[in-house]
There are 2 protein chains.
Amino acid sequence: MPPPASSRVGAHNCIARGGRFWYQRDVNRVLLEPEEVDASGMAVIGGRRAAHVHDTLHGRAGRAVKVGIVDGPRGRATIREASAERVVLCGTFDEGRPPAPRVDILLALPRPKVLHRLWAPLAMVGVGRIVLTHAAKVERNYFDTHWLLPEHYRPLLLEGLEQAGDTRLPAVEVRRRFKPLVEDELGALFSDAARVLAHPGAAPDLAALAGLARRRVVLAVGPEGGWTDWELDLLRAHGFAAISLGERRLRTDVACVALLGVVQATMG
Amino acid sequence: MPPPASSRVGAHNCIARGGRFWYQRDVNRVLLEPEEVDASGMAVIGGRRAAHVHDTLHGRAGRAVKVGIVDGPRGRATIREASAERVVLCGTFDEGRPPAPRVDILLALPRPKVLHRLWAPLAMVGVGRIVLTHAAKVERNYFDTHWLLPEHYRPLLLEGLEQAGDTRLPAVEVRRRFKPLVEDELGALFSDAARVLAHPGAAPDLAALAGLARRRVVLAVGPEGGWTDWELDLLRAHGFAAISLGERRLRTDVACVALLGVVQATMG
């Protein structure tokens, strides 16, 4: 007879309660806000993080968990007390900050449902800066979504970081006016990063990625319908080289993850 | 004053109803089942497809839409009649079947929520065959999910194809026993495809992808916790070369899309 489900959980992220299963997200590092950690490395957490440490990771007094401070160093913590409501951690943060991602993304604002879905994967894959802008094929009312408010997207970014084991929160900016952004603001936002734009094309073309090793990159991703000719011309005139994954139309969240995978792989 | 939201919808996928917005999925090609299309190319559709053609694409009599037959050719159709409940299409299917994807995926079954999220992106990015198997870090009860039943996952695969504009439905198989699968069944399932496995590693390593251009590839993706040493040894002994995107732990759906992007980009 197999062991009861409740004894086979833990790292596998599944809690049996009264015969039903709750599938939770994966946390490979518990993130703490700087103000939660005192000078001796102690932190008291509650809410979903306490429940997660206690119920899903089966954290008990004496055991260790990976921890990190948001935008700060990584480390390990010993659990001093654990209940589903309150966990006391004693951490040593001696593993340094993770290296900064070398890719930034300039993104035509996707529809709200897709934007919601995109925050965690962007943090998971690792981007330094996320700049959201308007484009001809972006509905103006997309900018009204609450998924553009830090109090709504920050928890999703943290979720992605916890899954990836990272601590570096991407910087997020909304620069709604596309033309001034491209003409005047790129240098300040992305410094001397190599400029690459993605656009659906008949044949996959990644030639512009050659020679990116060791450089920073900013990747411009358009709406699902693509950039317009005017937008493409403006981006090209400001140094963006076009790449394409082929003629398939990908949902923006899928396109971003596939493109970031390719760009990061090219950068080595 | 901006025009009312309802006049700015259509291709942009957003329907205003009484001041609220329903964001729908993107359909770049309406897929028809073979038995829905008569000898003259006529098809009558209802349900969510009719509502989508009428409400979101603003399809009206006389206009054209891209169509395709599931696992068959692509083409264009003229709308003969359109209401939110019933659309009559007259199609010409002369654009051939899209080329078959050259990548297959062998996937350790992810938790149900992630599996649910993965079906559409797999079809969107384009894979020929999806084989789901067990691994040490897969919970046995994951196999009880309804997301492994064709009546539940097929609509999600179709959704991915409609977004991508493809018609080729990936073949799906559940081969729960990992050892017999790797030892005896790979040749029949994947023919002479190059064998590549993904495993989180300290440093990104894609050397095994060199020389994949023009070949078929099967990509083996493990659980979020990675393959065990025993599983890795078995896969390596059967010709799988390891690649890594680095040490970040990615959710399985994010890992699959990033890896498929990289593999497809490498294949050219």
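Each remark here, short or long, concerns the structure printed above.
Read on for a plain summary of the structure. Small disclaimer: the values here were computed from a predicted structure and weren't measured.

**Comments concerning the packing of helix α2 (residues 112-125) of chain B against helix α6 (residues 252-267) of chain B**
Residues and elements named next belong to chain B. Two numbers describe how α2 lies on α6: the axes approach to 9 Å, and their chain directions differ by 15 degrees. Here α2 is positioned roughly parallel relative to α6, judged by the angle of their axes. Two packed elements cross with a definite hand, and for α2 against α6 that hand is right-handed. Contacts between α2 and α6 pair Val-114, Arg-117, Leu-118, Pro-121, Leu-122 and Val-125 from the former with Thr-252, Asp-253, Cys-256, Val-257, Leu-260 and Gln-264 from the latter. Classifying every residue of the contact of α2 with α6 gives eight nonpolar, two polar and two charged.

**Some remarks on the pattern of salt bridges**
Here the structure, examined in full by the defined rule, presents 26 salt bridges over all chains. A:Glu173 is paired through a salt bridge with A:Arg129; the nearest N and O atoms lie 2.5 Å apart. Of the two residues, A:Glu173 sits in strand β10 (residues 171-174) while A:Arg129 sits in strand β9 (residues 129-133), which places them 44 residues apart along the sequence. According to the relative accessible area criterion, A:Glu173 is partly exposed, its value standing at 22%. Here A:Arg129 falls in the partly exposed class, since its relative accessible area comes to 22%. When the shortest N-O distance is used, the salt bridge between B:Glu33 and B:Arg154 registers 2.9 Å. With B:Glu33 in the loop between β3 (30-32) and β4 (42-45) and B:Arg154 in helix α3 (residues 150-164), this pair connects stretches of sequence that are 121 residues apart. Overall, the relative accessible area of 18% leaves B:Glu33 in the buried class. Overlapping salt bridges, with partners in common, bring together A:Arg129, A:Glu173, A:Arg175 and A:Glu185 in one network.

**Side note on the sheet that holds strand β4 (residues 42-45) of chain A**
Two modes of strand pairing occur in sheets, parallel and antiparallel, and in both the strands are linked by backbone hydrogen bonds. Residue and element names in this part refer to chain A. A sheet is described by the order of its strands in space; here five strands give the open sequence β3-β5-β6-β7-β4, paired in mixed fashion. Both outer strands of the open sheet, β3 (30-32) and β4, are each paired with one neighbouring strand and no more. Neighbour-to-neighbour, the strand axes of the sheet open up by a mean angle of 40 degrees, direction not taken into account. As judged from the four bridges shared by β4 and strand β7 (residues 87-92), these two strands associate in the antiparallel manner. The residue of β7 that forms the bridge with Ala-43 is Leu-89. Sitting on the sheet, helix α1 (residues 47-56) is in contact with β3, β4, β6 (74-82) and β7, with an inclination near 150 degrees to β3.

**As for the packing of aromatic side chains**
All names here are of chain A. One pass over the full model with this rule turns up six aromatic pairs over all chains. Among the aromatic residues, those joined into a ring-pair cluster are Phe-178, Trp-227 and Trp-230. The ring of Phe-143 carries the charged tip of Arg-176 above its face, separated from the ring centre by 4.3 Å.

**Brief notes about the sheet that holds strand β12 (residues 217-221) of chain A**
Residue and element names in this part refer to chain A. Within the open sheet, the six strands sit side by side as β10-β9-β8-β12-β11-β13. Their pairing is parallel. Two strands close off the open sheet at either side, each with one partner strand: β10 and β13 (241-243). Strand after strand, the sheet turns through a mean of 20 degrees between neighbouring axes, direction not considered. Here β9 runs beside β10; their pairing, made up of four bridges, is parallel. Counterpart to Ile-130 in the pairing with β10 is Val-172. Lying over the sheet, helix α6 (residues 252-267) contacts β8 (103-108), β11 (194-198), β12 and β13, oriented at roughly 155 degrees with respect to β8.

Each value, and the rule that gives it
Each chain carries its own residue numbering, running from 1 in the direction its sequence is written. To label them, take the chains in the order written and letter them from A, then take the ligands in the order written and number them from 1. The model is predicted, so local features are restricted to residues of pLDDT at least 70 and side-chain atom pairs to those at 80 or more, both for listing and for counting; the totals for chains, interfaces and linings are taken over all residues. Heavy atoms throughout the structure, all of them, feed into the side-chain values; hydrogens and water do not. Comment: axis = line fitted to C-alpha atoms, over the contacting stretch for helices; angle = value between 0 and 180 degrees taken between N-to-C directions. Numbering of helices and strands runs from the N terminus; a helix is a DSSP stretch of H or I covering at least four residues, while a strand is a stretch of E covering at least two. In this scheme, roughly parallel covers angles under 35 degrees and roughly antiparallel covers those over 145, while 65 to 115 is roughly perpendicular and the rest are oblique. Note on convention: near helix rotated counterclockwise from far helix by under a right angle means a left-handed crossing. Clockwise means right-handed. Contact between two residues is taken to exist if any of their heavy atoms lie within 4.5 Å; hydrogens are not considered. Gly is placed with the polar residues, together with every amino acid not listed as nonpolar (Ala, Val, Leu, Ile, Met, Phe, Trp, Tyr, Cys and Pro) or charged (Asp, Glu, Lys and Arg). Definition used for salt bridges: Asp or Glu carboxyl oxygen within 4 Å of a side-chain nitrogen of Lys or Arg. Exposure classes here rest on a 1.4 Å probe applied to the protein chains alone. A residue is buried below 20% of its type maximum, exposed above 50%, and partly exposed in between. Strands qualify as paired when DSSP identifies two bridges or more between them. Classification of ring pairs uses Phe, Tyr and Trp, with its six-membered ring standing for Trp, and accepts pairs whose centres are within 6.5 Å; under 30 degrees between planes counts as stacked, over 60 as edge-to-face, and the remaining range as tilted. Criterion for a charge above a ring: Arg CZ or Lys NZ at most 6 Å from the ring centre, at most 35 degrees from the ring normal.

By themselves, these observations are geometric and do not establish any function.
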